[in-house]
Amino acid sequence: MSDLIKLCKTQDVAPGQSLQVDAEGLPAMAVYNLDGEYFVSNNMCTHGMAWMTDGYVEGDEVECPFHGGRFNIRTGEPTAFPCVVPLQTYTVKVVGDEVCIERPAA
Ligand code: FES
């Protein structure tokens, strides 16, 4: 049984929205709701000091509020310049109404 970390309630993130969450010992994370499917990645843009939760969710992508770089929310892969380094993503498990991630390997 893997170690799950609770991040928020499912109802805390509306479809097409994101939410910043913090968990001890981990970088700030963003929870996304894509039509009822939840995804979690690091919230800090890999290009600069910007929170992706301050940006815009469009389809499966999130656009950074600083320079307009984009990432695929499902994979963390960069999809638009100037972002070239992927966002770290986490394995999500929804347990009841709790959005959780598996504790990443140290
Ligand atoms: S800080 Fe995000 S695109 Fe530059």
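The shown structure was predicted, so the numbers you read here are calculated from the model rather than taken from an experiment.

Student: How should I be thinking about the overall build of the protein in this particular structure?
Tutor: The secondary structure content of the protein amounts to zero helices and eleven strands. On the principal axes, the C-alpha backbone points of the protein span a range of 40 × 30 × 20 Å. By the burial criterion, 39% of the 106 residues in the protein qualify as buried. Roughly 5,800 Å² of accessible area belongs to the protein as shown, and the carbon and sulfur atoms make up 51% of that amount. Here the protein contributes 6 positive and 15 negative side-chain charges, whose respective centroids are spaced 6 Å apart.

Student: So what exactly am I meant to see when it comes to the pattern of salt bridges here?
Tutor: Where charged atoms from two side chains of opposite charge come close, those side chains can pair. Under the counting rule described, the total for this entry stands at ten salt bridges. With a closest N to O distance of 3.8 Å, K9 and D97 form a salt bridge. Placement of the pair is K9 in strand β1 (residues 4-9) and D97 in the loop between β10 (92-95) and β11 (98-102), with a sequence separation of 88 residues. Judged by its relative accessible area of 31%, D97 falls in the partly exposed class. Among the salt bridges present, the one from R74 reaches E37, with a minimum N-O distance of 3.2 Å. One end of the pair, R74, is in the loop between β7 (70-72) and β8 (78-80); the other, E37, is in strand β4 (residues 37-42), with 37 residues separating them in the sequence. Salt bridges here are not isolated pairs; linked through shared partners, they connect K6, K9, D97 and E98.

Student: Is there a simple way to explain the sheet that holds strand β9 (residues 89-90) in this structure?
Tutor: Whether parallel or antiparallel, the strands of a sheet pair through hydrogen bonds between backbone atoms. Spatial strand order, β2-β3-β4-β9: four strands in an open sheet with antiparallel pairing. With partners counted over all chains shown, the strands left at the sheet margins are β2 (18-21) and β9, one partner each. Note that β4 and β9 share two bridges and pair antiparallel. Among the inter-strand pairings, S41 is bridged to a residue of β9, identified as T89.

Student: What exactly am I supposed to notice about unusual backbone geometry here?
Tutor: Backbone phi values are negative for most residues with the exception of glycine, while trans is the configuration of most peptide bonds. The residue after F81, namely P82, is reached through a cis peptide bond having omega 10°. Inspection of the secondary structure puts P82 in the loop between β8 and β9. Although it is not a glycine, D35 adopts a positive phi angle of roughly 50°. The topology assignment puts D35 in the loop between β3 (29-34) and β4.

Student: How should I be thinking about the environment of T53 in this particular structure?
Tutor: Mapped onto the secondary structure, T53 falls in the loop between β4 and β5 (56-58). If sequence neighbours within four positions are ignored, T53 has contacts with S18, L19, Q20, A30 and N43. Side chain to side chain, T53 and N43 meet in a polar contact 2.8 Å long.

Rules used throughout
Residues numbered from 1 in each chain as written. Predicted model: local features only at pLDDT ≥ 70, side-chain atom pairs only at ≥ 80, totals over all residues. Heavy atoms only, no water. Helix = DSSP H or I, 4+ residues; strand = E, 2+ residues; numbered from the N terminus. Buried < 20%, exposed > 50% of the residue type's maximum accessible area, 1.4 Å probe, protein only. Areas by Shrake-Rupley, 256 points an atom, 1.4 Å probe, with all protein chains shown as cover. Lys, Arg positive; Asp, Glu negative; His and termini not counted. Charge placed at Lys NZ, Arg CZ, Asp CG, Glu CD. Salt bridge = Lys/Arg side-chain N within 4 Å of Asp/Glu carboxyl O. Pairing = 2+ DSSP bridges. Contact = heavy atoms within 4.5 Å. Polar contact = N/O pair within 3.5 Å; in protein donor to acceptor, adjacent residues only side chain to side chain.

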